[in-house]
Amino acid sequence: MIWLFILLVMLLVISPVMWLKPSPRQKRVATLRNAAMQRGLKVALRVPPLHGDTVPMPAYRWHYPPQQPGPDFMLVRDSHAADALKPFGHGWRWRKEPLRGLPEALEARLKRLVERLPQDALVVESDTAALTLWWHESQGFERFSTYLEDFQALRDGLAGRPDHPQMSGPPAPPLV
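Okay, so let's go over this structure. (Residues numbered from 1 in each chain as written. Predicted model: local features only at pLDDT ≥ 70, side-chain atom pairs only at ≥ 80, totals over all residues. Heavy atoms only, no water.)

## Concerning the overall build of the chain
For clarity, the threshold we go by: What counts as a helix is a DSSP run of H or I of at least four residues, what counts as a strand is a run of E of at least two, and both are numbered from the N terminus. Only C-alpha atoms enter the radius of gyration, while the globule expectation follows 2.2 Å times N to the 0.38, with N the number of residues. Residue exposure (1.4 Å probe, protein chains only): buried if accessible area is under 20% of the type maximum, exposed if over 50%, otherwise partly exposed. We call two residues in contact when some of their heavy atoms are within 4.5 Å. Residue exposure ignores everything except the shown protein chains as possible cover, and the areas themselves are Shrake-Rupley values with a 1.4 Å probe.
Counting secondary structure elements, the chain contains four helices and six strands. Each helix and strand of the chain, placed in order from N terminus to C terminus, yields the pattern α-α-β-β-β-β-α-β-β-α. Against the globule reference of 16 Å for 176 residues, the chain gives a C-alpha radius of gyration of 22 Å, more extended than a compact globule. A burial count over the chain gives 37% of its 176 residues as buried. Look at the contacts in the chain between residues 6 or more apart in sequence, and 64% of them connect residues 24 or more apart. When the accessible surface of the chain is summed, it comes to about 10,900 Å², and 61% of that surface belongs to carbon and sulfur atoms.

## Considering the nonpolar core
Here is the rule we go by: The term nonpolar core refers to a set of buried residues drawn from Ala, Val, Leu, Ile, Met, Phe, Trp, Tyr and Cys, joined through side-chain atoms within 4.5 Å.
One finds Tyr60, Leu110, Leu117, Val124, Leu133 and Phe144 to be the most contacted residues of the largest nonpolar core, which totals 32 residues. Counting residues per element, the ones that place at least two in this core are α2 (24-38), β2 (57-63), β3 (73-77), β4 (92-96), α3 (104-116), β5 (121-126), β6 (130-135) and α4 (141-158). Here this core gets seven residues from one element, more than from any other, and that element is α4. Ignoring anything within four residues of it in the chain, the contact list for Phe144 reads Leu32, Ala36, Leu41, Tyr60, Trp62, Leu133, Trp135 and Gln139. Ala59, Ala81, Leu122 and Trp134 belong to the second largest nonpolar core, which has nine residues in total.

## Describing the environment of Tyr60
Applied cut-off: We call two N or O atoms a polar contact when they sit within 3.5 Å, provided that within protein one can donate a hydrogen and the other can accept it, with sequence-adjacent residues counted only if both atoms are side-chain atoms.
Along the chain, the position of Tyr60 falls in strand β2. As a C-alpha pair, Tyr60 and Met37 span 23 residues in sequence and 9.1 Å in three-dimensional space. For Tyr60, the residues in contact, after removing those within four places along its chain, are Leu32, Arg33, Ala36, Leu41, Lys42, Val43, Leu131, Thr132, Leu133, Trp135, Glu137 and Phe144. At 2.6 Å, the side chain of Tyr60 forms a polar contact with the side chain of Glu137.

Next up, the structure:
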């Protein structure tokens, strides 16, 4: 009987320690985020630009060079977009199109990229500072790394193509 009591006390002492141990998913996500940040991406938990969504979501950001801002656009997966939005590729819609149309080669690259993203990738967004992927991190780094080259090439192609041309290059001389 005393051994049973000792075993019960030991289990009560050990059980909170076991709760602190990260789950396999937490380990995978930590490895994914660390590997992504080592490759120059910025990873943050932020409220996504989805209507009515207030739960933070991972945002993976490829920053544009400071002197080469990018265009403003947002693509949303069909499952989170209104039917009234203009379609773009299979399963995606424009929530916000770039003011200046993308060159055909860049638009084709973007279309190929978003069509192969995992189902939990919900938003691809670009603003003057960065190209951002909003997703729920369903894959490990090995699979995610297959998108890196495409995202980097897309970011490099979009850099210096702001919607407002006065934002790139040296400031205009003052009018006299």
